[in-house]
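# Residue-level structure breakdown
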Amino acid sequence: LHEQGYIEPAPSSLTSLGAFYIPHHAVINPHKATPRVVFDCAAIVNGQSLNDHISSGPDVANSLLGILLRFREHPVALVADVKAMFHQVVVPSLQRDALRLLWYTEDAREPTAFRFTRHPFGGTWSPAACMTALDLTLRDYGGHLSPATQQSLSRGFYVDDLLISTTDVKQAGILQQEARQLLAKGGFNLTKWGSSHEDVLLDVPVEERGPAFKEIGQPTLDRALGVHWNPEADYFTFVTQPRVSPFTKRGILSQLSSLYDPMGIASPFILRARLIFQQLCRQHSDWDDDLPSHLQPAWETWLQELLQLVNIQLSRCVNSARGEDHVFRLHHCCDASEAAYGVVSYLVTYGPANEIISSTFLLGKARLAPLKKPTIPRLELMAATLGATQDEFLRRELTLPLQESMFWTDSTITLAYITNETKRLQTFVANRVTKIRSQSE
């Protein structure tokens, strides 16, 4: 850090703001060669931490799920990473004493005091400060770019990760070159490049490619914002490694936390484990109590089937249209049972004669019924409300030219609630009907 200019020797005198020494520790990942040093700005001393005294700033991050959805819009995928992003943004000199640390230099008996010149990982303010600097770079130096390229870059970053999709290889190559040159003007270096089409990477030096793209023609499984992605076959999948955990409430929660599924691809499967966990909550089981005998077979079956998630392959690209006369519509299917309710959304492509060309899974959500179970009609209404909310979210995040949405439910009672104009509804029903009407026609 010192050699790269990220930290500097701390002066003996202090500013009027005083000083704070950040504790640090190493985190060892068995899959990585070197340990990672974590500077713990949330460490509590006398009931307070550094993060308690510094504003976290505005939430300027793009929606992670929104980026993944836009990443699926076009045939050619492009990913990259800003190298050491936080360490490229300078901290004003008057504020650096709040970011002091003690470090044992080689052969030293006493630690040396340093202070950060750049924003450290672990500071609650760092993401907002650094993402603001990145956004300013795009705005200050991106005026010569096309509006489509500007939008792709401004809405494609999640902190230091860039995920975008383009219509063809030529456009992806141009965007890759423009993005590298543009961010370099702000001091940011885009690296770890990857693409679903190897031709995009021909002009990218090997050292600037991601680990899965070092050799052209031999890509391996990569991650796109935590989602496992096969760039060669261009599909999303799962990599499951069941944890050795006890058959307890704590063990079930540990297994559930190991599954990352932001798009709800495996929602029906994950829901079964959540139902077991809910039954334990309903029985007021302690965290380390053994699983009741009547629930053990269901949990053992779920663990066995967990290994089969690797067989799921969901196409990344949802847009199979190649002509300007194609149109897109969202279809949302809502349903409920005594145990749960949910919605699944599809992007349906129509041809010139209004014929369906393709229908692709877009997003799924599943919710457990509350512990104090509502009636089935109310759960069906809650599913319809979830569908209307999901439609609003998708329309806000997707850039495809969407026509009207279609909502599907097999509950005639729900339809009667929504179309009611004469009878006064109970508060629970009225609130949800109002939300549905405000978010759909």
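Up top is the structure.
Below, the structure is looked at part by part. (Residues numbered from 1 in each chain as written. Predicted model: local features only at pLDDT ≥ 70, side-chain atom pairs only at ≥ 80, totals over all residues. Heavy atoms only, no water.)

### Side note on the packing of aromatic side chains
A complete count under the given rule lists 9 aromatic pairs for this structure. With 4.8 Å between their ring centres and 20° between their planes, Phe86 and Phe121 make a pair best called stacked. Linking Phe86 in the loop between strand E4 (76-82) and strand E5 (100-103) with Phe121 in the loop between strand E6 (112-116) and helix H2 (126-141), this pair joins segments that are 35 residues apart in sequence. For Phe86, a relative accessible area of 8% translates into the label buried. Taken together, a centroid distance of 5.1 Å and an interplanar angle of 10° make the contact between Trp299 and Trp302 stacked. Taken together, the residues span about one helical turn, with Trp299 and Trp302 both in helix H7 (residues 296-306) at a distance of 3 residues. On the basis of relative accessibility, which here comes to 1%, the residue Trp299 falls in the buried class. A relative accessible area of 0% means that Trp302 is categorised as buried. Within the aromatic cluster, the residues linked to one another by ring pairs are Phe71, Phe213, Trp229 and Phe236. For the cation-ring pair, Arg36 lies above Phe121, with the distance from its terminal atom to the ring centre recorded as 5.0 Å. (Phe/Tyr/Trp six-rings, centres within 6.5 Å; stacked < 30°, edge-to-face > 60°. Helix = DSSP H or I, 4+ residues; strand = E, 2+ residues; numbered from the N terminus. Buried < 20%, exposed > 50% of the residue type's maximum accessible area, 1.4 Å probe, protein only. Lys NZ or Arg CZ within 6 Å of the ring centre and 35° of its normal.)

### Some points on helix H10 (residues 427-439)
Over its 13 residues, H10 extends 18 Å from the first C-alpha to the last, a length consistent with the 18 Å expected when each residue adds 1.5 Å. Those residues of H10 that fall on the buried side of the exposure criterion are Val429, Val433, Ile436 and Gln439. Each buried residue of H10 sits inside an arc of 140° when the element is viewed along its axis, so together they form one side. Exposed and facing more than 90 degrees away from the buried side of H10 are Thr427, Thr434 and Ser438. Residues of H10 that are buried make contact with helix H8 (376-397) and helix H9 (412-419). (Expected span 1.5 Å × (residues − 1). Arc of directions from axis to C-beta. Contact = heavy atoms within 4.5 Å.)

### With respect to the sheet that holds strand E14 (residues 327-336)
With respect to topology, 4 strands assemble into an open sheet ordered E16-E15-E14-E17, the strand pairing being mixed. The sheet terminates laterally at strand E16 (356-368) and strand E17 (406-408), the two strands that pair on one side only. Looking at each pair of strands side by side, their axes are set apart by 20° on average, direction ignored. On top of the sheet, H8 reaches E14, strand E15 (340-350), E16 and E17; it is set at about 155° to E14, its chief contact. (Pairing = 2+ DSSP bridges. Axes fitted to C-alpha atoms, helices over the stretch in contact; angles between N-to-C directions.)

### A short note on the environment of Phe20
For Phe20, the position within the fold is in the loop between strand E1 (7-9) and strand E2 (24-27). Along the backbone, Phe20 and Leu99 are 79 residues apart, and their C-alpha atoms lie at a distance of 6.1 Å. In contact with Phe20, not counting residues within four places along its chain, are Leu50, Asp97, Ala98, Leu99 and Arg100.

### Observations concerning the environment of Thr34
With respect to the element layout, Thr34 can be found in the loop between E2 and strand E3 (36-39). A relative accessible area of 59% places Thr34 in the exposed class. Considering only alpha carbons, one finds Thr34 and Asp97, 63 residues apart in sequence, at a separation of 28 Å.

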